[in-house]
Amino acid sequence: MTRWRYAAATDTGLVRETNQDAVFVDDALAIVADGMGGHAAGEVASAMAVEAIYNSFLTRPTIEGLLSGVQDANREVLSDAKVNPERFGMGTTVMVVGLTHDGSGVTTPTMLHVGDSRAYQLRDGALRQLSADHSVAEEWVRMGRLTSEEALTHPRRHQLTRAIGVDDNIEIDVMSLHVQSGDRLLLCSDGLSNELDPAHLAALAGAPGPLDAAVTNLIDAAKVSGGRDNISAVLLEFDEAHEPTRSINTTMSPAPPPVADTVPSRPRKRGPRLTWRVAVGALLLAAVVGAFFFIVHWYAYSTYYLAPAGKYIGVYEGQPNGVMWYKPKLVWKTGDLMSQLEPAAQLAIKATIAEPSITAARNYAYYLRGLYMASRPPTTTTTVPSTTTTTKSAVPTTTVTHATTTVAAKG
Ligand code: MG
């Protein structure tokens, strides 16, 4: 079982205002992405690429999963630039090394890259560049138009021939790596490889001691040399012997075929944490929403008021105009006709009269009825009992000549 220890760092450098590089590393996947594009678009592109590759490899830890992740990154960066014109032209390099499963329980370090971010292998103090830059100058070297020495200073050495986010069809270099215990791999953006020559890189990346210290020393040295670009470095050290199952090869693979996920997925370390956060977030959201509805409901039905209920005097629970979808409810009405009240009382009731409780509202209705009765010549002394009354309210001492009807009992 191939395993590695790792350390990584990224730095804005001394000239650029923002860091458009993105790095990611865990115990099975390492990514360096060097974004490009104004208005922070480079940062968006590199971050999108890292996320897409990570997500794909998480569900499919195979070469096909890595290829699919790079394809996803290309597609997502392109589509994002289409809907966000300010990010038009953004792109990113990607340098990826993943421990891929081959279906028989064997894991192999596999490197994929697009652009000029690099991978180096260190063994016994010797540094070997594994990746070939996708730049005009390097392409010309491969075509025999330039020597390697001429390419080092050629003005088109930084002009990329491939990058994520440029074209729908992306060519990806793929390489299965031979590693043995003690080997180190250095993945970096050009902010490191442009500032430090291979001998310097080898001395710092291969220095004995903690990987963190080596990465820090690499970043610091690149800044001492000028720090003209964003600087990113990931250092991997293999701690067990690995017997590769494939020879080193380079493959142009514009479209990885769909492959069923038949190999065991690597542990989803972030799964439980994500689930836990989602659960806490959902609970908090539910609590906030619940509190909101509770407060609105309480406010909506926190008062009573008198108003006409058809021909009669009604007592309503709620706010006169309602609150959101909580409409006032008719909870009681007298048997007295509105038309029998004094005009001033009719007007007051039509304008609604607020009362703090149903008892106070009823009492005020009785009071208004009392005024009516006081001004009305007596016509009868017969008392008509109330019908179906379930509310316990104070019955006025005034002689009652009209039936009292309870519409709804509201304690
Ligand atoms: Mg760069």
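The text that follows walks through the structure, step by step, so that each part is easy to find.

Thresholds applied
- Residue numbers run consecutively from 1 along every chain, following the written order of its sequence.
- Thresholds applied to this predicted model are a pLDDT of at least 70 for local features of residues and 80 or more for the giving and counting of side-chain atom pairs; totals over whole chains, interfaces and linings are not thresholded and use all residues.
- The basis for the side-chain values is all heavy atoms of the structure; hydrogens and waters are excluded.
- Numbered from the N terminus, helices here are DSSP runs of H or I no shorter than four residues, and strands are runs of E no shorter than two.
- The classification of residues rests on relative accessible area computed with a 1.4 Å probe and restricted to protein chains. Under 20% of the type maximum is buried, over 50% is exposed, and intermediate values are partly exposed.
- Any two residues whose heavy atoms approach within 4.5 Å at even a single point are treated as in contact.
- Accessible surface is estimated by sampling points in the Shrake-Rupley manner with a 1.4 Å probe; for residues, cover comes only from the protein chains shown.
- Coordination partners: N, O, S within 2.8 Å of the metal, 3.2 Å for Na, K and Ca; water not considered, so apparent gaps in a site are possible.
- Where helices are involved, their axes are fitted lines through C-alpha atoms of the stretch in contact, as for all axes, and angles between N-to-C directions lie from 0 to 180°.
- We call two directions roughly parallel when the angle between them is under 35 degrees, roughly antiparallel when it is over 145, roughly perpendicular when it lies between 65 and 115, and oblique otherwise.
- Each residue receives one of three labels: charged for Asp, Glu, Lys and Arg, nonpolar for Ala, Val, Leu, Ile, Met, Phe, Trp, Tyr, Cys and Pro, and polar for the others, Gly being one of them.
- For salt bridges, the criterion is a side-chain nitrogen of Lys or Arg within 4 Å of an Asp or Glu carboxyl oxygen.
- The pairing criterion for strands is at least two bridges between them, as found by DSSP.
- The criterion for an aromatic pair is that two Phe, Tyr or Trp rings (for Trp, the six-membered ring) have centres within 6.5 Å, with stacked assigned to planes under 30 degrees apart, edge-to-face to planes over 60 apart and tilted to the rest.
- Polar contacts, as used here, are pairs of N or O atoms within 3.5 Å; protein pairs need one atom able to donate a hydrogen and one able to accept it. Residues neighboring in sequence count only if both atoms are side-chain atoms.

A few words on the overall build of the protein chain. Counting its regular elements, the protein chain contains 10 helices and 16 strands. By the burial criterion, 46% of the 411 residues in the protein chain qualify as buried. Residue pairs at least 24 apart in sequence account for 67% of intrachain contacts in the protein chain once pairs closer than 6 positions are excluded. Accessible surface, the protein chain as shown: approximately 20500 Å² in total, 58% of it carbon and sulfur.

On to the coordination of the magnesium ion. Binding of the magnesium ion to the protein goes through Asp 34 (OD), Asp 190 (OD) and Asp 229 (OD), at separations of 2.1 to 2.3 Å. For the magnesium ion, the donor residues sit on a single chain with the sequence spacing D-x155-D-x38-D. Here Asp 190, found in helix α5 (residues 190-193), pairs with Asp 229, found in the loop between α7 (211-224) and β11 (231-238); they are 39 residues apart in sequence, far enough to count as distant. For Asp 190, a relative accessible area of 10% corresponds to the buried category.

Packing of helix α6 (residues 198-205) against α7 brings their axes to within 8 Å, and their N-to-C directions diverge by 150°. Comparing their axes, α7 and α6 come out roughly antiparallel. Judged by residue contacts, His 200, Leu 201, Leu 204 and Ala 205 of α6 engage Ala 214, Asn 217, Leu 218 and Ala 221 from α7. The residue inventory of the contact of α6 with α7, partitioned by class, reads 6 nonpolar, 2 polar and no charged.

Once that is clear, we can look at the pattern of salt bridges. Where side chains of opposite charge bring their charged atoms close, a pairing between them can arise. Taken as a whole, this structure holds 13 salt bridges when the rule is applied. One salt bridge connects Glu 237 with Arg 5, and the closest N-O pair in it is separated by 2.0 Å. With a gap of 232 residues between them, Glu 237 in strand β11 and Arg 5 in strand β1 (residues 4-11) connect regions that are remote in the sequence. Glu 237 gets classed as buried once you look at its relative accessible area, which sits at 13%. The partly exposed category is assigned to Arg 5, whose relative accessible area is 40%. The structure contains a network of salt bridges with shared partners spanning Arg 5, Arg 184 and Glu 237.

This part covers the sheet that holds strand β8 (residues 126-129). In space, the 5 strands of this open sheet follow the order β1-β11-β10-β7-β8, with antiparallel pairing throughout. Strands at the two margins of the open sheet, each flanked by one partner only, are β1 and β8. Within this sheet the neighbouring strands show an average axis-to-axis angle of 20°, counted without direction. Here strand β10 (residues 184-188) runs beside β11; their pairing, made up of 5 bridges, is antiparallel. Opposite Cys 188, over in β11, you have Ala 233 as the bridge partner.

Within the structure shown, the criterion is met by 7 aromatic pairs. Geometrically, the ring pair formed by Phe 292 and Phe 293 is edge-to-face, given 5.5 Å between the ring centres and 75° between the ring planes. Assessed through its relative accessible area of 33%, Phe 293 is described here as partly exposed. Seen in terms of ring centroids, Tyr 305 and Tyr 316 are 5.3 Å apart; in terms of plane orientation they differ by 10°. Their pairing is stacked.

To continue, consider the side chain of Ser 131. Mapped onto the elements of the fold, Ser 131 is located in the loop between β8 and α3 (136-143). Among the polar contacts listed, one links the side chain of Ser 131 to the backbone nitrogen of Ala 119, at a separation of 3.0 Å. Residue contacts for Ser 131: discarding those within four places in its chain leaves Met 95, Met 111, His 113, Ser 117, Arg 118 and Ala 119.

Bringing unusual backbone geometry into the picture now. With a phi angle near 55°, Met 324 is a residue other than glycine that sits in the positive phi range. On the secondary structure map, Met 324 appears in the loop between β14 (312-317) and β15 (329-337). Owing to a relative accessible area of 45%, Met 324 belongs among the partly exposed residues under this scheme. Positive phi values are uncommon outside glycine, yet Thr 352 reaches one of about 70°. Looking at the element boundaries, Thr 352 is found in the loop between α9 (343-350) and β16 (353-355). A relative accessible area of 29% places Thr 352 in the partly exposed class.

Moving on: the sheet that holds strand β13 (residues 304-309). Strand order in the open sheet formed by 4 strands is β15-β14-β13-β16, with antiparallel pairing between adjacent strands. Lying at the two open borders of the sheet, with one neighbouring strand each, are β15 and β16. Strand-to-strand twist in this sheet, taken as the mean axis angle between neighbours without regard to direction, amounts to 30°. Of the strands in this sheet, β13, β14 and β16 are in contact with α9, which crosses β13 at around 115°.

A few words now on the side chain of Asp 229. Judged by its relative accessible area of 13%, Asp 229 falls in the buried class. Only 3.3 Å separates the side chain of Asp 229 from the side chain of Arg 16, close enough to count as a polar contact. Not counting residues up to four positions away in its chain, the partners in contact with Asp 229 are Thr 12, Gly 13, Arg 16, Asp 34, Asp 190 and Gly 191.

With 7 of 8 residues buried, strand β3 (residues 29-36) is to be regarded as a mostly interior element. Pairing between strand β2 (residues 21-25) and β3: 5 bridges, direction antiparallel. Directly across from Asp 21, in β3, lies its bridge partner Asp 34. Remark: 3 residues form the turn of the hairpin made by β2 and β3, two consecutive strands paired antiparallel. Here β3 pairs with strand β5 (residues 94-101) via 4 bridges, running antiparallel. Bridge assignment links Val 32 to a residue of β5, and that residue is Met 95. As paired strands, β3 and strand β4 (residues 91-92) are joined by 2 bridges and run antiparallel to one another.

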